[in-house]
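Structural characterization, general
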Amino acid sequence: MSDLRALYQEVIAEHNKNPRNFRWMEDANRMAVGVNPLCGDKLTVYMKVDEQGIVRDVSFEGSGCAISVSSASIMTQMLKGKKVEEAERLFNAFHEAVTKDDPQSDLEALGKIAVLAGVRAYPSRVKCATLSWHTMHAALEGEEWVSTE
Amino acid sequence: MNYPGDFMSTASEYLHRSKAYDVYSIRADFPILAERSNGKPLVYLDNAATSQKPRAVLEAMDWTYRHAYANVHRGVHTLSERATKAYEDARTRVQRFIGAADPREIVFVRGTTEAINLVASSFGRTNIHSGDEILITEMEHHSNIVPWQLLRDQTGAKLRVAPINETGELVMEEFERLLNERTRIVALVHVSNALGTINPVKRIVEMAHAMGAKVLVDGAQAVPHMRVDVQDLGCDFYAFSSHKLYGPSGVGVLYGRYELLDAMPPYQGGGEMIRRVTFERSDYAKPPTRFEAGTPNIVGPVGLAAAINYVEELGLDNIAAHEDDLLRYATEATAELPGMRIIGNAARKASILSFELEGIHPHDIGTIVDHEGVALRAGHHCAMPVMDHFKVPATTRASFGLYNTREEIDAFIASLHKVREVLG
Ligand SMILES: Cc1ncc(COP(=O)(O)O)c(C=O)c1O
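The model shown is predicted, which means the values in this text are computed figures rather than measured ones.

Criteria and thresholds
- Residues numbered from 1 in each chain as written.
- Chains lettered and ligands numbered in written order.
- Predicted model: local features only at pLDDT ≥ 70, side-chain atom pairs only at ≥ 80, totals over all residues.
- Heavy atoms only, no water.
- Helix = DSSP H or I, 4+ residues; strand = E, 2+ residues; numbered from the N terminus.
- Rg over C-alpha atoms; globule rule 2.2 N^0.38 Å.
- Buried < 20%, exposed > 50% of the residue type's maximum accessible area, 1.4 Å probe, protein only.
- Contact = heavy atoms within 4.5 Å.
- Areas by Shrake-Rupley, 256 points an atom, 1.4 Å probe, with all protein chains shown as cover.
- Lys, Arg positive; Asp, Glu negative; His and termini not counted.
- Charge placed at Lys NZ, Arg CZ, Asp CG, Glu CD.
- Domains from an automatic or database assignment.
- Salt bridge = Lys/Arg side-chain N within 4 Å of Asp/Glu carboxyl O.
- Polar contact = N/O pair within 3.5 Å; in protein donor to acceptor, adjacent residues only side chain to side chain.
- Phe/Tyr/Trp six-rings, centres within 6.5 Å; stacked < 30°, edge-to-face > 60°.
- Lys NZ or Arg CZ within 6 Å of the ring centre and 35° of its normal.
- Core = buried A, V, L, I, M, F, W, Y, C linked by side-chain atoms within 4.5 Å.
- Buried area = accessible area lost by both parts, 1.4 Å probe.
- Axes fitted to C-alpha atoms, helices over the stretch in contact; angles between N-to-C directions.
- Parallel < 35°, antiparallel > 145°, perpendicular 65-115°, else oblique.
- Left-handed = near helix turned anticlockwise from the far one by under 90°.
- Nonpolar A, V, L, I, M, F, W, Y, C, P; charged D, E, K, R; others polar.
- Near = heavy atom within 4 Å.
- pLDDT = per-residue confidence, 0-100.

The next point concerns the overall build of chain B. Across its full length, chain B carries 14 helices and 17 strands. Relative to the 2.2 N^0.38 estimate, which gives 22 Å for 424 residues, the radius of gyration of chain B is 22 Å and therefore close to what a compact globule would have. Principal-axis analysis of the C-alpha atoms places the extent of chain B at approximately 70 × 55 × 35 Å. Counting all 424 residues of chain B, 59% fall into the buried class. For chain B, long-range pairs separated by at least 24 residues make up 73% of all intrachain contacts whose partners lie at least 6 apart in sequence. Per element, the accessible surface of chain B, about 16600 Å² overall, is 51% carbon and sulfur. Mean positive and mean negative side-chain charge positions of chain B (44 and 54 charges, respectively) differ by 4 Å.

Another point: the overall build of chain A. Regarding its fold elements, chain A presents six helices and four strands. The globule rule puts the C-alpha radius of gyration for 149 residues at 15 Å, and the 14 Å found for chain A is close to it. If you line up chain A on its principal axes, its C-alpha atoms span 45 × 30 × 30 Å. Burial statistics for chain A: of 149 residues in total, 51% are counted as buried. Taking the contacts inside chain A whose residues are at least 6 apart along the sequence as the reference set, 61% of them involve residues at least 24 apart. On chain A, roughly 6900 Å² of surface is accessible, and the fraction owed to carbon and sulfur atoms is 49%. Between the mean site of the 17 positive side-chain charges and the mean site of the 22 negative ones, chain A shows a separation of 5 Å.

Residues and elements named next belong to chain B. We note that the domain assignment places domain 1 (78-311) and domain 2 (315-423) within chain B. Here domain 1 and domain 2 have C-alpha centroids that lie 29 Å from each other. The interface is formed by 31 residues belonging to domain 1 together with 32 residues belonging to domain 2. Taken together, domain 1 and domain 2 are joined by one salt bridge. Across the pair Asp-317 and Arg-227 runs a salt bridge, and its minimum N-O distance is 3.4 Å. Counting every contact that joins domain 1 to domain 2 gives 18 residue pairs in polar contact (both at pLDDT 80 or more).

Residues and elements named next belong to chain B. Considering all chains together, one arrives at 10 aromatic pairs over all chains under this definition. Taking 5.6 Å as the distance between ring centres and 70° as the angle between the ring planes, the aromatic pair formed by Phe-123 and Phe-237 counts as edge-to-face. Highlighted residues: Phe-123 in helix H4 (residues 112-127) and Phe-237 in strand E9 (residues 237-241), separated in sequence by 114 residues. Three or more aromatic residues joined by ring pairs make a cluster, and in this case those are Phe-30, Tyr-246, Tyr-310 and Tyr-403. Over the ring of Tyr-258 we find Arg-104; its NZ or CZ atom is 4.3 Å from the centre of that ring.

All names here are of chain B. Of all hydrophobic cores here, the largest spans 82 residues; its most connected members are Phe-108, Phe-175, Val-186, Tyr-238 and Leu-402. For this core, the element with the most residues is helix H10 (residues 300-314), which contributes nine residues. Residue-level mapping places this core at the junction of two domains, with at least three residues from each of domain 1 (78-311) and domain 2 (315-423). When sequence neighbours within four positions are dropped, the list of residues in contact with Leu-402 reads Tyr-21, Val-23, Ile-26, Phe-30, Tyr-246, Tyr-310, Val-311, Leu-314, Ile-319, His-322 and Glu-323.

Here the focus is the interface of chain B and chain A. The interface is formed by 15 residues belonging to chain B together with 19 residues belonging to chain A. Both sides together, the interface formed by chain B and chain A hides about 1400 Å², and carbon and sulfur atoms give 60% of it. The interface formed by chain B and chain A holds one salt bridge in total. One salt bridge in this structure joins Arg125(A) and Asp364(B), with 2.9 Å as the shortest N-O distance. Of all the secondary-structure elements, those providing two or more residues to the side of chain B that touches chain A are helix H12 (362-370) and helix H14 (406-423) of chain B.

Packed helices, taken two at a time, are described by the angle between their axes plus the distance between the axes. Residue and element names in this part refer to chain B. For the pair H12 and H14, the least separation of the axes is 9 Å and the interaxial angle reads 115°. Here H12 lies roughly perpendicular to H14, going by the angle between them. Like other packed secondary-structure pairs, H12 and H14 cross with a definite hand, here right-handed. Where H12 abuts H14, its residues Asp-364, Ile-365, Ile-368 and Val-369 lie against Ser-415, Leu-416, Lys-418, Val-419, Val-422 and Leu-423. Its residues assigned to classes, the contact of H12 with H14 comprises seven nonpolar, one polar and two charged.

Time to look at the site of the ligand. All names here are of chain B. In the vicinity of the ligand there are 13 residues, among which Thr-113, Asp-218, Gln-221, Ser-241 and Lys-244 approach most closely. Contact between the ligand and His-141: an oxygen atom at 3.1 Å from a side-chain N or O atom of the residue. A distance of 2.7 Å separates an oxygen atom of the ligand from a polar atom in the side chain of His-243. Its residues placed into classes, the shell around the ligand shows two nonpolar, nine polar and two charged.

The next subject is the confidence of the model for chain A. Of the residues in chain A, 94% reach a pLDDT of 70 or more, and the chain-wide mean stands at 89. For chain A, helix H1 (residues 2-7) of chain A is the element with the lowest average pLDDT, namely 64, and helix H3 (residues 66-79) of chain A is the one with the highest, namely 96.

With that settled, the discussion passes to the side chain of Asn16(A). All names here are of chain A. The topology assignment puts Asn-16 in helix H2 (residues 10-17). Using a relative accessible area of 19% as the deciding quantity, one classes Asn-16 as buried. Look past the residues within four positions of Asn-16 in its chain and what remains in contact with it is Cys-65, Ala-66, Val-69 and Ser-70.

Our next topic: unusual backbone geometry. Here the bond from Pro287(B) into Pro288(B) is cis, since omega is 5°, no more than 30 degrees from zero. Along the chain, the position of Pro288(B) falls in the loop between strand E12 (282-284) and H10. Unusually for a residue other than glycine, Asn21(A) sits at a positive phi of about 50°. Mapped onto the fold, Asn21(A) is located in the loop between H2 and strand E1 (30-36). Phi at Cys382(B) is positive, roughly 50°, even though this residue is not glycine. Along the chain, the position of Cys382(B) falls in the loop between strand E16 (377-379) and helix H13 (384-389). Given the relative accessible area of 25%, Cys382(B) is considered partly exposed.

Following this line, the structure appears as structure tokens:
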């Protein structure tokens, strides 16, 4: 039970019910759609990045499980106002934290998204947690579609 | 010397149980059911994906590996003859089980998927041409869609799809309208794995035959739940997998009417399936050997035969009655849950309960109930068109087998309450 509590913490349940920045962004200059063909989850991430490389706004739309929705919601909160390089660093750190056998990144460096680090214990659910992050990464790289397969 | 279970007789030494269906003594036959999962007793409700194995199956396979294992149909030595006899006895056991006229109508394959691919490829190549039509239904498993799409793309034939209604039943008027004299084959599922719907196969076979079309039935979910008699159904092909029938994985059955099999070209080339090979040409063996190229799964059919003995000893009618009771009990109990929507409410249904809990994603349900020891399936169940029809990305599915109990359904319902607790 302790693991499950670690996974479905109140923060996650709360973000799932009231996802932040859950909206279409008319004037986005970066955008990508992420799909997880295994479960049919689909998220669109919108970003507005200025000339200084600062993420001015970020939002998402779509449907998914509590893990993918809360991860996306927390991600949008974290990235607003950050530099693109910092967004990429967080993506790499989070990805490593949930996929590597012995992750180097410490939880503190992950900030708020650390609440989702418990997904490590559920290999079948890791892709749910990383879907929005992969999509954000693809949007920054100029790719419009990304699939977790 | 053969395995003491002796697949040829049903009056075996397994006949030790009293006539009444005692699910608790039956559970004792399945070693894995004593396992714990996440510290809780395992509640295995994913039988439509695959079923657990009784000791009788494990022992028959173990015995064969220890005492009767060699390659089949090849050696002149005693051990090979013993293995060949076990393999061929298993074929006869399957023939009797599904009411086929002749053991040569039973082809051992890898599973339902391979059986359907075999027919689409071999029967399809010789009998289905540009302008011809293949008729399937909207409730098919991907394994009864994709092989026909491949054939369509190779031949220029048309693939038509008969729709289902809101309860998850085939719309018979539409089926009848789509069936015509260009239809070469009708391929449909006997029992839907995503909805539980039992299709009126016998009537469909009559309608198809009246139009001159052949019929392939995907029986993967039917064979574990009810008595199947292929001659009574009248179908031309019938496919099923051992692993859903309490037998081992990696083996399955294609039944085909002999004159059809005999007119079909090989599916794969290799050893075993030929009579004579020169570099100019090869003469193919008769069915079923023609379709069993290479060294087959030798011990798999032995395990399947033991599984057939096991379910026949319990009685398929008893199993069906037990599972119907579980389905009724679960359907009533889940109706009380807030936000519950059952997907698939056909009048004739096998023990499959596919559902949606409003506002909660099936994957979250699957993970949370797993913590309570309850194994459910969450996903599209390899039936994406069914998900599209009901406008859901996925469903959660509980599927009941011969060893499940009402207490397990209570545990399942309690675990769904837990889901609400965790996710609100
Ligand atoms: C209705 C139906 N058809 C076909 C299959 C495919 O069976 P297998 O994977 O054993 O080939 C399944 C099982 O997943 C099924 O439920």
